[in-house]
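# Close look at the chain arrangement
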Amino acid sequence: MSQFLISPATTWNRVNHEDMKVKDWIEPSYAQLENRFDVVITGVPLSRSSISASAASEYPDSFRKSWNFFTTYSIDEDVDFRALRIADVGDVKMHGTNILQCHENIEHAITDIQKKCPDSFYVQIGGDHSITAPIIRSLAKHTGKRIGIVQFDTHLDLRSTESDGPSNGTPIRQLLDAGIIRGEDVYNIGLHGFYNAPSLMKAANHYGVNRITLKQFRENGAEKQIAEVMKALQDKVDIVYVTVDMDVLDITYAPGVPASTPGGMRTDELFDLLYEVGKYDIVRGMDFVCLDPYRDTLEQQTVKAGTYAFLTAMVSRYVYLK
Ligand SMILES: [Mn+2]
């Protein structure tokens, strides 16, 4: 049990069919933490901390609803990944107005999960990008290990906490300033266009954050790019955390992301990157943030892209690491 987790609004039951959907596969284990799962999913429904007005707090529930659209069989891999044991432990309990209290609850919930499920892979569904700071704080404090970050993002997220507080513009800065992570262990992939001010580039240089622009990634391709980043990280860190800000996607692919922009990544490129990331055992956790389902199209194209991205990482882990 964790007192920092509650049952979500959308619930499914685990059902064994010949033709299994994702909703039948993911086992409900709300607030119950058991060490028998390969993967633990936690909803982190917080977006009062978003700089752009956002209902990303509603994404964990939309993510769960979308499980009805997908099967556990991948035609690309010709594999059914239902044997991957996966739990939905529910949502982090949030305070109505107090963002710092919400962040503390996130940190406590992730610590409880690590204590009870030490061998699992941790998937967090945001929420806005501010949630990544308490998640990494918990991972760092609980494991005592040096953590590398692979960040897919249009932005550096290095805004100063003095002007922007613990918002979704500052998670990486918060962690660097607190000495939880080192700039050289952060790899931001997907930066592009006209969305990062010169002072933020100055900060990136100051902290030594690695930047791989969208253009550079396209020259290398997903396999080579992730291999390069993982090779560098494996020499420095003990574990890697992958944070996917859905605003890395081009606005035409991600209408349901308040800060998505023209000139961004295509969905197939993000899927390829997550497929590559799934091959590496050093990656111990992942989050998906800043997707606001209230802004999405009627067909829920962004929500479905988020679920597809998650499933791509899962099937790759299943094929390469089972
Ligand atoms: Mn971000």
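Up top is the structure.
Here goes a summary of the coordinates provided. Owing to the predicted nature of the structure, the values given are computational and were not obtained by experimental measurement. (Residues numbered from 1 in each chain as written. Predicted model: local features only at pLDDT ≥ 70, side-chain atom pairs only at ≥ 80, totals over all residues. Heavy atoms only, no water.)

### Quick word on the coordination of the manganese ion
Here is the rule we go by: Metal-coordinating donors are taken as N, O and S atoms lying within 2.8 Å of the metal, or within 3.2 Å when the metal is Na, K or Ca; because water is left out, some sites can appear incomplete. Three exposure classes are used, based on accessible area relative to the maximum for each residue type with a 1.4 Å probe and protein chains only: buried under 20%, partly exposed in between, and exposed over 50%.
Around the manganese ion, the protein supplies His-129 (ND1), Asp-153 (OD), Asp-157 (OD) and Asp-245 (OD) as donor atoms, at distances of 2.1 to 2.3 Å. Sequence spacing among the residues donating to the manganese ion works out to H-x23-D-x3-D-x87-D. Comparing Asp-153 with Asp-157, the two get one shared label, buried.

### What to know about the side chain of Asp-24
Here is the rule we go by: Each helix is a run of DSSP H or I of at least 4 residues and each strand a run of E of at least 2, with the numbering of both proceeding from the N terminus. Throughout, a residue-residue contact means that at least one pair of heavy atoms, one from each residue, lies within 4.5 Å.
Inspection of the secondary structure puts Asp-24 in helix α1 (residues 22-25). Contacts of Asp-24, omitting those with residues within four sequence positions, involve Asn-13, Arg-14, Val-15, His-17 and Asp-19.

### Here we look at the packing of helix α10 (residues 267-277) against helix α11 (residues 301-321)
Quick note on the threshold: Axes, fitted as lines to C-alpha atoms, cover a helix only where it is in contact. Angles between the N-to-C directions of the axes lie from 0 to 180 degrees. We call two directions roughly parallel when the angle between them is under 35 degrees, roughly antiparallel when it is over 145, roughly perpendicular when it lies between 65 and 115, and oblique otherwise. Handedness of a helix crossing follows the sense of rotation of the near helix relative to the far helix, less than a right angle counterclockwise being left-handed and clockwise being right-handed.
Contact pair α10 / α11: the axes reach a minimum separation of 8 Å and the direction vectors enclose 30 degrees. With respect to α11, the axis of α10 lies roughly parallel. When the axes of α10 and α11 are compared, the crossing they make is right-handed. In contact with Thr-267, Leu-270, Phe-271, Leu-274 and Tyr-275 of α10, α11 contributes Ala-305, Tyr-308, Ala-309, Thr-312, Ala-313, Ser-316 and Tyr-320.

### Let's talk about the environment of Thr-261
Keep this limit in mind: Whenever a nitrogen or oxygen atom comes within 3.5 Å of another N or O atom, the pair is scored as a polar contact, on the condition that within protein one atom can donate a hydrogen and the other can accept it, and that pairs from neighbouring residues in sequence are kept only if both atoms are in side chains.
Mapped onto the elements of the fold, Thr-261 is located in the loop between β11 (239-245) and α10. With 100 residues separating them along the chain, Thr-261 and Thr-161 place their C-alpha atoms 24 Å apart. Excluding anything up to four places from it in sequence, Thr-261 contacts Thr-154, His-192, Tyr-195, Leu-249, Asp-250 and Ile-251. Here the side chain of Thr-261 touches His-192 through a polar contact of 3.5 Å, side chain to side chain.

### Examining the pairing of strand β9 (residues 186-191)
The criterion, for reference: Note: two strands are recorded as paired if DSSP finds a minimum of 2 bridges between them. The path from the first strand over the helix to the second decides the hand: if it runs clockwise while the strands point away from the viewer, the crossover is right-handed.
Counting buried residues along β9, 6 of its 6 residues qualify, which places the element largely inside the surrounding structure. Pairing geometry for strand β8 (residues 147-152) and β9, over 4 bridges, is parallel. Among the inter-strand pairings, Ile-149 is bridged to a residue of β9, identified as Val-186. Here β9 runs beside strand β10 (residues 210-213); their pairing, made up of 4 bridges, is parallel. Bridge pairing links Leu-191 to Thr-213 in β10. Assessed by its sense of winding, the connection that carries the chain from β9 through helix α7 (residues 198-207) to β10 is right-handed.

### Observations concerning the state of the cysteines
Disulfide: a covalent bond connecting the sulfur atoms of a pair of cysteines. Selection criterion: The term disulfide is used for any two cysteine sulfur atoms that are within 2.5 Å.
Taken as a whole, this structure holds 0 disulfides when the rule is applied. Considering cysteine sulfurs only, Cys-290 is the nearest to Cys-102, which forms no disulfide, with 15 Å between them.

### Let's talk about the environment of His-206
Mapped onto the fold, His-206 is located in helix α7. Taking the C-alpha atoms as reference, His-206 lies 30 Å from Ser-54; in sequence the two are 152 residues apart.

### Thoughts on helix α4 (residues 132-143)
Structural remark: α-helix, 3.6 residues per turn; residues separated by three or four positions point the same way. Counted only if it meets this: Expected span of a helix, by definition, is 1.5 Å for each gap between consecutive residues, and there is one gap fewer than residues.
When the terminal C-alpha atoms of α4 are compared, their 16 Å separation across 12 residues agrees well with the 16 Å that a helix rising 1.5 Å per residue should span. With 9 of its 12 residues buried, α4 lies for the most part within the structure. Within the span of α4, buried status applies to Thr-132, Ala-133, Pro-134, Ile-135, Ile-136, Arg-137, Ser-138, Leu-139 and Ala-140. Against the buried residues of α4 lie α3 (99-116), β7 (121-126), β8, α6 (171-177), β11 and β12 (283-289). Positioned one or two residues after α4, Gly-144 has a phi angle of 65 degrees, which is positive.

### Focus: the packing of helix α9 (residues 222-234) against α10
Note the threshold: When residue character is reported, Ala, Val, Leu, Ile, Met, Phe, Trp, Tyr, Cys and Pro are called nonpolar, Asp, Glu, Lys and Arg charged, and the others, Gly included, polar.
α10 packs onto α9 with a crossing angle of 45 degrees between their chain directions and a minimal axis gap of 9 Å. Here α9 lies oblique to α10, going by the angle between them. α10 is crossed by α9, and the crossing has right-handed handedness. Judged by residue contacts, Ala-222, Glu-223, Ile-226 and Met-230 of α9 engage Asp-272, Leu-273, Glu-276 and Val-277 from α10. In terms of residue class, the contact of α9 with α10 is made up of 5 nonpolar, no polar and 3 charged.

### Some points on the pattern of salt bridges
Selection rule: A pairing counts as a salt bridge when a side-chain nitrogen of Lys or Arg comes within 4 Å of a carboxyl oxygen of Asp or Glu.
Applying the stated criterion across every chain, the model contains 21 salt bridges. Beyond isolated ion pairs, a larger network of salt bridges with shared partners links Arg-146, Glu-184, Asp-185 and Lys-236.

### As for unusual backbone geometry
For the bond running from Gly-126 to Gly-127, omega is 15 degrees, close enough to zero to count as cis. Note that Gly-127 resides in the loop between β7 and α4. Positive phi, close to 70 degrees, is recorded for Cys-290, a residue that is not glycine. With respect to the helices and strands, the residue Cys-290 is situated in the loop between β12 and α11. Overall, the relative accessible area of 7% leaves Cys-290 in the buried class.

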